[in-house]
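Examination of the molecular architecture
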Amino acid sequence: MRVTVRLFARLRDIVGVAQLSRELPEGATASLLWNMLAAEHAGLAAYRDAVSIAVNAEYSKMSRRLADGDEVAFLPPVSGG
Amino acid sequence: MGAPLFAVTRDPLRLEDLIQAIGAQADGGGTTAGAVTTFLGLVRSENLGRQVVRLEYESYEPLAIKVFERIAGEVREHWSTPRLALHHRLGSLRVGEASVAIAAAAPHRAESFAACRYAIERVKQIAPIWKHEYFDDGHTWIEGALADPDDRGAREDAYKRACA
């Protein structure tokens, strides 16, 4: 299955793109997707315990099982206001 | 069409748009609101000893709108009647420009003040919005709260601040 990844703020700077696409095995979780990206981009390691996740524009958990076509957003600590 | 209750926008914020959106104008329009509290957050010239030149805001826009709706729902759970409008600016803002605008209407002032304060605390905790600060000799992302809308402690903290 294929998912779209959205990256924001410093996470986007680390990875170098705001959006990318990844092929994942069936049943893959958001956590597995994060680990794939972290293996490719060392700078993400610092965010292991400081990242929020949204699937299809709803807050979710790292344990969430992903489905084909999902949009998965990784969000660093927020600073609105 | 009138202004929306909830918005992320690159246009300058106007408090009158939010007041109109919650339907609480002083025009005898049959509203039950006896009070409107508004909040305008501005770009400050100084942060952590740095001379701020401008801020650049970005957002995960569809989630931000859902989060604003969620905050309005939480406000209704706490105070039963207040109506809330919430707009956040995106893009490049100079010092003194408004980054966030909130209006809360309620029958009485205590609830409208509390709802407005609660809303800005929750925006800072869970809205998927980020600011990139440009100061006189550099720039940096500002990272505040790890956004978790189900964190009961954070929500209680916002409620305590609102009622302090």
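Summarised in this report is the structure supplied together with it. Computed from a predicted model, the values in this text were never measured in an experiment.

What counts as what
Within each chain, residues carry numbers counting from 1 in the order of the written sequence. Throughout, the order in which chains and ligands are written sets their labels, letters from A for the former and numbers from 1 for the latter. For a predicted model such as this one, the threshold for reporting local features is a pLDDT of at least 70, and the threshold for listing and counting side-chain atom pairs is 80 or more; totals across whole chains, interfaces and linings nevertheless cover every residue. Based on all heavy atoms of the structure, the side-chain values leave hydrogens and waters out of the count. Strands are runs of DSSP state E lasting at least 2 residues, helices are runs of H or I lasting at least 4, and numbering of each runs from the N terminus. Restricting the calculation to C-alpha atoms gives the radius of gyration, and the globule rule supplies 2.2 Å times the number of residues raised to the power 0.38. Residue contacts are defined here by distance: any two heavy atoms, one from each residue, within 4.5 Å place the two residues in contact. Residue-level accessible areas treat just the shown protein chains as cover; the underlying method is Shrake-Rupley with a 1.4 Å probe. Positive: Lys, Arg. Negative: Asp, Glu. His and the chain ends are not part of the count. Positions of charges follow a simple convention, taking NZ of Lys, CZ of Arg, CG of Asp or CD of Glu. Computed with a 1.4 Å rolling probe, the buried area is the accessible surface lost when two parts are put together, summed over both parts. Here, a salt bridge means any side-chain nitrogen of Lys or Arg that lies within 4 Å of a carboxyl oxygen of Asp or Glu. Throughout this description, a polar contact denotes any pair of N or O atoms lying within 3.5 Å of each other; where both atoms belong to protein, one of them has to be capable of donating a hydrogen while the other can accept it, and for residues adjacent in sequence the pair is counted only when both atoms sit in side chains. With a 1.4 Å probe rolled over the protein chains alone, any residue whose accessible area is under 20% of its type maximum counts as buried; one over 50% counts as exposed, and the rest are partly exposed. Buried Ala, Val, Leu, Ile, Met, Phe, Trp, Tyr and Cys residues that are joined via side-chain atoms within 4.5 Å together make up what is termed a nonpolar core. The rule is short: rings of Phe, Tyr and Trp, with Trp giving its six-membered ring, pair when the centres are within 6.5 Å, and they are stacked under 30 degrees, edge-to-face over 60, tilted in between. The criterion is that NZ of a Lys, or CZ of an Arg, lies within 6 Å of the ring centre and within 35 degrees of the ring normal, and then a charge sits over that ring.

Turning our attention to the overall build of chain B. Tallying secondary structure elements over chain B gives four helices and nine strands in all. Computed over its C-alpha atoms, the radius of gyration of chain B comes to 16 Å, within 12% of the 15 Å expected for a compact globule of 164 residues. Principal-axis analysis of the C-alpha atoms places the extent of chain B at approximately 55 × 35 × 30 Å. A separation of at least 24 residues holds for 75% of the contacts in chain B among residues at least 6 apart in sequence. For chain B, the computed accessible surface area is about 8,100 Å², with 49% contributed by carbon and sulfur atoms. For chain B, the centre of its 20 positive side-chain charges and the centre of its 23 negative side-chain charges are spaced 3 Å apart.

Here the focus is the interface of chain A and chain B. Contact with chain A, which involves 26 residues of that partner, is made by 31 residues of chain B. Summed over both partners, the interface of chain A with chain B buries about 2,300 Å², with 55% contributed by carbon and sulfur atoms. When residues of chain A are sorted by the area they lose upon contact with chain B, A:Y59, A:V78 and A:G81 head the list and together hold 30% of the total. With a closest N to O distance of 3.9 Å, A:K61 and B:D148 form a salt bridge. Taken together, chain A and chain B are joined by 20 residue pairs in polar contact (both at pLDDT 80 or more).

Turning our attention to unusual backbone geometry. Residues other than glycine seldom take positive phi values, yet A:A57 does so here, at roughly 60°. The topology assignment puts A:A57 in the loop between strand 3 (52–55) and strand 4 (58–60). The phi dihedral of B:L48 is positive, around 50°, even though this residue is not glycine. Among the secondary structure elements, B:L48 is positioned in the loop between strand 3 (46–47) and strand 4 (50–59). The class of B:L48 is exposed, set by a relative accessible area of 69%.

The full count for this structure, using the stated rule, is 21 salt bridges over all chains. A salt bridge links B:R14 to B:D17, with the shortest nitrogen-to-oxygen separation between them at 2.9 Å. We classify B:R14 as partly exposed; its relative accessible area is 43%. Measuring nitrogen to oxygen at the nearest pair gives 3.9 Å for the salt bridge that ties B:E97 to B:R94. On the accessibility criterion, B:R94 (57% relative accessible area) is exposed. Counted as one network, the salt bridges with shared partners bring together A:K61, B:R70, B:E74, B:E77, B:R122, B:D148, B:D150 and B:R155.

Right, let's get into the environment of B:S112. All names here are of chain B. As for its placement among the helices and strands, S112 is situated in helix 3 (residues 109–126). Its relative accessible area of 1% is what places S112 among the buried residues. Separated by 42 residues in sequence, S112 and A154 have C-alpha atoms that sit 21 Å apart. Sequence-distant contacts of S112, defined by excluding residues within four places in its chain, comprise A35, V36, T37, A104 and A106. Reaching out from S112, the side chain makes a polar contact with the side chain of T37 at a distance of 2.8 Å.

A word on the nonpolar core. One finds A:L75, B:Y60, B:L84 and B:L86 to be the most contacted residues of the largest nonpolar core, which totals 45 residues. If we skip the residues at most four places from it in the chain, A:L75 touches A:F8, A:L11, A:A50, A:V51, A:S52, A:A54, A:Y59, B:Y60, B:L63, B:P128 and B:W130. Counting 23 residues, the second largest nonpolar core, distinct from the first, contains A:L7, A:A28, A:L44 and A:M62.

This part is about the packing of aromatic side chains. Counted according to the given criterion, the structure contains five aromatic pairs over all chains. Arranged with centres 5.1 Å apart and planes meeting at 15°, the rings of A:F8 and B:W130 form a pair that is stacked. Here A:F8 is found in the loop between strand 1 (2–7) and helix 1 (9–15), whereas its partner B:W130 is found in strand 8 (residues 129–135) on a different chain. Across this residue pair, the class does not change: A:F8 and B:W130 are buried. These aromatic residues form a ring-pair network of at least three members: A:F8, B:Y60 and B:W130. Directly above the ring of B:F135 sits B:R50, whose terminal nitrogen or CZ lies 4.9 Å from the centroid.

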